[in-house]
Amino acid sequence: MRVVSLVRRYLPSVTVASGVASAVVLVVILLAVSGLLVPPADVEAAPPVGVSVSQGSTSLVCPGPAELVSGDGVTFDSEFGQEAASSSTLVEAFALGRPGGPAPAGGYRPGLDGDAERVGLVPERSLGSGLSVPDVSGPGVLTAQAADSRAALLAGATLARADSGDLRALASERCLEPAGSAWLITGNTEIGSSARLVLLNPGRTSATVDLEAWGAVGPVDLGAAVSVLVPPGSERALLLEAFAPDEPQLAVRLTVSGGGVAAFVQSSSLDGFVPAGVDLSGPSEAPATTVVIPGVVIEDSDIDAAHPSVLRVVNPGSSPATVRLRMLHADGERLIPGAATRIVEAGTVSDISLAGVPAGDYAAELVSDQPVTAAALLTRVGSASEDDPDLEVLDRAWLPAGATFRTALVPIPSLGQEVDSARVVVANAGAHQVGLQYRVVESGGWVRSASVVAVPARSVAVLTGEDLQGAIGVELVALRTAGADDGVVDDPGLVASVVLEADTADGPLVAGVGAQPDAESAGTVAVRLPNR
């Protein structure tokens, strides 16, 4: 009975990437509790040891297109909607092998149930492989096979563009890994706006998703939406305005049991009949005392601008958070006018205006005495609307707080076609300069030779223009020092994202996509043997 109780006690705390690894960890625990691996009482237990886990295939779930929606407080008129406008949605993806290894095999399969025909990743001279899927009508699953027990480097993104109508926008989100939890910091449910939460379950078992939400004045009661069952191979979508109406700022936490779920929010807004932005936004990092949002690309704005870009911060804890804000730039740190420090009350969501911050490429750093997480909302203002000359058309893009990486991939969908320009912003919030090696991946998976740039401490580096010409993505690797070739940094503190822009007759469109961390970084588990 003691063995059974200890297994129940310790096994749930170990997260692994395969069934084989589960069996290995179980054997270790059984040996430990039986006394075969436990040191004598007078010997101090060893610290946790990282155990490599053999990798299988890598799978990501790609969102479907933005959709016309209706619900409490918002109605989209199909006469002015996507059906009346020129629109397109596509998925682009690429995969890279490990150094010295072959280009990964795999592909993209429309739908979540595994029944549709797969579009294969096309290898290019054994360096990488890529694909482009036009006219996407729903979510799909992107996979790449492991080689020599090492996970493939895999990334992709969905991109939707409409130049007019209610869905006028450039909206993009990377293909997401199914997860057991997620923080979505995005959208609002005021009149004229919609926050459509989409839950995608590509697995073979049902998943139960428990939801918590916070608003401007405290936790939000979601009523019947507090727990949602997502059947295997299916999609569930909830209009949050039906359960949490009139919330000017919203943050949602998902906790999943029974499997992994990919989640994102489609945020849509109209100002009367005038389009005011659509975006697909994925998860931010979990609350921490330091979070960084890369890719805060700001245009000139006055301090009293009507539609500024903003930072959104959620404090889900029970104590007020004192948050110090810094904008990291290639020329060093800058302060937000009037908002160098902000108190975010317990259990609330706060928006911080970036009006008056000089135009430029930034990363926002938030340092708090309580765990918080955040996202940035970029706004692009167009010309006066034909439907209402007193109002300007808008587009908006959400960028999440990013995960630090040693190796990461950044998808850049449809550059040179639906997207006119891209800016990859890599932020270094640490105290030491870090070298950044990058390799551009072109259509079909062709990989250019590596280049190296320095990312100074407390600064950003930006890849754009000729750096990215013809790219469908870029691989980023943190080095020990600029120009060094002696391996990667153990904890470089780099985060990255890409901002996409497109030009239309009535003004710019904008979208943002976060970097895809290396799947192999999840391939090591820490095992600690308990004392008797």
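Residues numbered from 1 in each chain as written. Predicted model: local features only at pLDDT ≥ 70, side-chain atom pairs only at ≥ 80, totals over all residues. Heavy atoms only, no water.

Draft legend 1. Inspection of the overall build of the protein at higher detail. A tally of regular secondary structure across the protein gives 2 helices and 39 strands. A total of 532 residues make up the protein; the buried ones form 52% of that total. Within the protein, counting contacts between residues at least 6 apart in sequence, those at least 24 apart form 78% of the total. Surface accessibility of the protein: about 21,900 Å² in total, with carbon and sulfur atoms responsible for 50%. (Helix = DSSP H or I, 4+ residues; strand = E, 2+ residues; numbered from the N terminus. Buried < 20%, exposed > 50% of the residue type's maximum accessible area, 1.4 Å probe, protein only. Contact = heavy atoms within 4.5 Å. Areas by Shrake-Rupley, 256 points an atom, 1.4 Å probe, with all protein chains shown as cover.)

Draft legend 2. Looking closely at the nonpolar core. I293, V296, L311, M327, I336, L354 and L366 are the most contacted members of the largest nonpolar core, which totals 37 residues. Contributions of two or more residues to this core are made by β22 (288-298), β23 (310-315), β24 (321-329), β28 (360-384), β29 (392-400), β31 (421-428) and β36 (494-504). At 8 residues, the largest contribution of residues to this core is made by β28. Not counting the four nearest positions on each side in its chain, V296 is found in contact with M327, L354, G360, D361, Y362, A364, A376, L378 and L399. Core analysis: the second largest hydrophobic core is formed by 33 residues, V410, I412, V419 and A422 among them. (Core = buried A, V, L, I, M, F, W, Y, C linked by side-chain atoms within 4.5 Å.)

Draft legend 3. Geometry of the pairing of β29. Where burial is concerned, most of β29 is hidden: 7 out of the 9 residues are buried. Here β28 pairs with β29 via 8 bridges, running antiparallel. When the bridges of β29 are listed, R380 appears paired with D395. (Pairing = 2+ DSSP bridges.)

Draft legend 4. Seen up close, the state of the cysteines. All chains considered together, the criterion is met by 1 disulfide. The partner cysteine of C62 in its disulfide is C175, sulfur to sulfur 2.1 Å. On the sign convention where negative is left-handed, the bridge of C62 and C175, at about 100° about the S-S bond, is right-handed. Of this pair, C62 sits in strand β2 (residues 58-62) while C175 sits in the loop between β12 (169-174) and β13 (181-185); the two residues are 113 residues apart in sequence, bridging distant segments of the chain. With a relative accessible area of 0%, C175 lands in the buried category. (Disulfide = S-S within 2.5 Å.)

Draft legend 5. Examining the side chain of S497 more closely. As for its placement among the helices and strands, S497 is situated in strand β36. A polar atom in the side chain of S497 sits 2.8 Å from the backbone oxygen of P294. Sequence-distant contacts of S497, defined by excluding residues within four places in its chain, comprise P294, G295, L399, R423, V424, V425, V513, G514 and A515. (Polar contact = N/O pair within 3.5 Å; in protein donor to acceptor, adjacent residues only side chain to side chain.)

Draft legend 6. Seen up close, the confidence of the model for the protein. Here the protein averages 85 in pLDDT, while 81% of its residues score no lower than 70. Predicted confidence is poor over residues 49-54, with pLDDT under 50, and the contacts of this stretch with residues over four places away or in other chains come to 18 contacts. When the criterion is pLDDT under 50, residues 523-532 qualifies, and its contacts beyond four places in sequence or with other chains add up to 30 contacts. (pLDDT = per-residue confidence, 0-100.)

Draft legend 7. Examining unusual backbone geometry more closely. Although it is not a glycine, D135 sits at a positive phi angle of roughly 50°. Checked against the element boundaries, D135 lands in the loop between β9 (128-133) and β10 (140-144). One non-glycine residue, D246, lies in positive phi territory at about 60°. Its location among the elements puts D246 in the loop between β18 (234-239) and β19 (251-257).

Draft legend 8. Representation of the sheet that holds strand β7 (residues 119-120). Overall, antiparallel pairing links the 4 strands, which are arranged β2-β10-β6-β7 in an open sheet. Because the sheet does not close on itself, it has two edges, and the strands there are β2 and β7. Sheet topology places strand β6 (residues 106-110) next to β10; 5 bridges connect them, and they run antiparallel. Each bridged residue has a counterpart across the sheet, and for R109 the counterpart in β10 is V141.

Draft legend 9. Quick look at the pairing of strand β32 (residues 434-442). Where β32 meets strand β33 (residues 451-455), 5 bridges bridge the pair, whose relative direction is antiparallel. Residue pairing in the sheet places Y438 in a bridge with S451 of β33. Across 8 bridges, β32 lies against strand β35 (residues 471-479) in antiparallel orientation. In the strand pairing of β35, V440 is matched with V474.

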